[in-house]
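Analysis of the macromolecular model
Residue-level listing of the chains:
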Amino acid sequence: MTARTTSPLRRFARREWGPLFWTVRDALARDGWRAIPMTLGAVCLTSVFQIVQNTSWGFQPVQNLGSVKAADPLWLALLRTPLSLFVPALDLPVWGALAQVLLVFGISEICIGWWRTLLIGYVATLAGTTYARIGLSLGSGHPFGLPDSDRVVNDTGPSAAVVGLALYVCWRYRAYATGALVILVMAGEVLVKNNLAGKEHLAAIAAVMAVCLVRARWGPERSRRPLGRRPPPPDTR
């Protein structure tokens, strides 16, 4: 079977996910779990926070370390933001947060490096935190506003970072259809469940798209050209 006789679906999958798949596969085959040390640390830290905040003595210390609300003074919110990325939401199952962190942080760490993963994750998280304050100042009557009750709602935890990283990696590896799907799913979330978390996800997307635009226009040359595509292995059948 030659490349010209492969199905359109297979050609699409190879074009859309081929470079990303081979990058992740080669790194894991070569280094195993050593390829994602920061991700494993993030999973462990998120697990510890989840265990501690569900004890009788640990809830308030975790909130003091990593809980960000729009009602907090800005300096305190910025101080808590680094750890807020690893504090799972109270109203969602923790296994979902751990799976998101392991999968998306892990792929991102392999593809763009650990420090860029943290940087993009924090940019996305800060965008959500900033939006919450702007939305509250606009009020519930504005299309982009928020009701006053959202002042005491916790920020999104790791999910805004996960959304931002997924979008950035899709852009970096030219998986444009997948990136568009991420945006559509997050927009659908807001339409179905119009809450603070969904709107913060859209703010994270807007911030990461701005980063992609800046890097595409003024970033290093390697950020402005498609990554090389590894050819498929020869078919010996």
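Thresholds applied
Residues numbered from 1 in each chain as written. Predicted model: local features only at pLDDT ≥ 70, side-chain atom pairs only at ≥ 80, totals over all residues. Heavy atoms only, no water. Phe/Tyr/Trp six-rings, centres within 6.5 Å; stacked < 30°, edge-to-face > 60°. Buried < 20%, exposed > 50% of the residue type's maximum accessible area, 1.4 Å probe, protein only. Helix = DSSP H or I, 4+ residues; strand = E, 2+ residues; numbered from the N terminus. Expected span 1.5 Å × (residues − 1). Contact = heavy atoms within 4.5 Å. 1 Å grid on protein atoms, 1.4 Å probe; cavity = no way out; pocket = protein on both sides within 12 Å on 5 of 7 lines; lining within 4 Å. Points joined across faces, edges and corners; volume = space filled by probe spheres on them. Nonpolar A, V, L, I, M, F, W, Y, C, P; charged D, E, K, R; others polar. Patch = residues over 30% accessible without salt bridge, like charges linked within 9 Å, V, L, I, M, F, W, Y side chains within 5 Å. Areas by Shrake-Rupley, 256 points an atom, 1.4 Å probe, with all protein chains shown as cover. Salt bridge = Lys/Arg side-chain N within 4 Å of Asp/Glu carboxyl O. Polar contact = N/O pair within 3.5 Å; in protein donor to acceptor, adjacent residues only side chain to side chain. Axes fitted to C-alpha atoms, helices over the stretch in contact; angles between N-to-C directions. Parallel < 35°, antiparallel > 145°, perpendicular 65-115°, else oblique. Left-handed = near helix turned anticlockwise from the far one by under 90°.

In total, this model carries 3 aromatic pairs according to the counting rule given. Ring centres of Phe 21 and Trp 22 lie 5.3 Å apart, and the angle between their planes is 75°; this geometry places the pair in the edge-to-face category. With a relative accessible area of 46%, Phe 21 lands in the partly exposed category. A centroid spacing of 5.5 Å and a plane angle of 50° characterise the contact between Tyr 168 and Trp 171, whose relative ring orientation is tilted. Of this pair, Tyr 168 and Trp 171 both sit in helix H7 (residues 159–172), 3 residues apart, which is roughly one turn of that helix. The class of Tyr 168 is buried, set by a relative accessible area of 2%. Judged by relative accessible area, Trp 171 falls into the buried class, the value being 13%.

Taking 1.5 Å of rise per residue, the 19 residues of helix H5 (residues 94–112) would be expected to cover 27 Å, and the 26 Å separating its terminal C-alpha atoms lies within 8% of that figure. Taken residue by residue, H5 has Gly 96, Ala 97, Leu 98, Val 101, Val 104, Phe 105, Gly 106, Ser 108, Glu 109, Ile 110, Cys 111 and Ile 112 as its buried positions. Where H5 is buried, its residues touch helix H1 (8–31), helix H2 (37–53), helix H6 (114–138) and H7. Note on H5: the residue one or two positions beyond its end, Gly 113, has a positive phi of about 95°.

Any space left empty among the atoms is revealed by the rolling of a water-sized probe across them. If you add up the space inside the largest pocket, you get close to 750 Å³. Along the wall of the largest pocket there are 32 residues; nearest its centre are Ala 89, Asp 91, Leu 92, Thr 156 and Ala 197. Looking at the lining of the largest pocket, the elements that each hand over two or more residues are H5, H7, helix H8 (176–192) and helix H9 (196–218). It is H5 that provides the largest number of residues to the lining of the largest pocket, a total of 4 residues. Classifying every residue of the lining of the largest pocket by side-chain character gives 16 nonpolar, 11 polar and 5 charged.

Turning our attention to a nonpolar patch on the surface. A cluster of nonpolar side chains, namely Leu 74, Leu 78 and Leu 126, defines an oily patch on the protein surface of about 250 Å² accessible area. Its place among the elements puts Leu 78 in helix H4 (residues 74–84). Judged by relative accessible area, Leu 78 falls into the partly exposed class, the value being 45%.

What follows deals with H7. For an α-helix the count is 3.6 residues per turn, leaving residues at separations of three or four pointing the same way. For H7, with 14 residues, the first-to-last C-alpha span of 20 Å sits near the 20 Å given by 1.5 Å per residue. Along H7, 13 of the 14 residues are buried, which leaves the element largely enclosed by surrounding structure. With its phi angle positive at about 60°, Arg 174 sits one or two positions after the end of H7.

In this fold, Arg 174 is placed in the loop between H7 and H8. Only 3.1 Å separates the side chain of Arg 174 from the backbone oxygen of Trp 171, close enough to count as a polar contact. Separated by 3.2 Å, the side chain of Arg 174 and the backbone oxygen of Arg 172 make a polar contact.

Below, the discussion takes up the packing of H5 against H6. Relative orientation of the contacting elements H5 and H6 amounts to 125°, with a least axis distance of 7 Å. One way to sum up the angle between H5 and H6 is to call them oblique. In this structure, H5 crosses over H6, and the sense of that crossing is right-handed. In this structure, H5 uses Phe 105, Ser 108, Glu 109 and Ile 112 to contact H6, whose residues at the interface are Trp 114, Arg 116 and Thr 117. Classifying every residue of the contact of H5 with H6 gives 3 nonpolar, 2 polar and 2 charged.

With that settled, the discussion passes to the packing of H1 against H5. The N-to-C vectors of H1 and H5 enclose an angle of 90°; their axes lie 10 Å apart at closest approach. If you check the angle between H1 and H5, you find them roughly perpendicular. On H5, the residues touching Leu 20, Thr 23, Val 24, Ala 27 and Leu 28 of H1 are Ile 107, Ile 110 and Cys 111.

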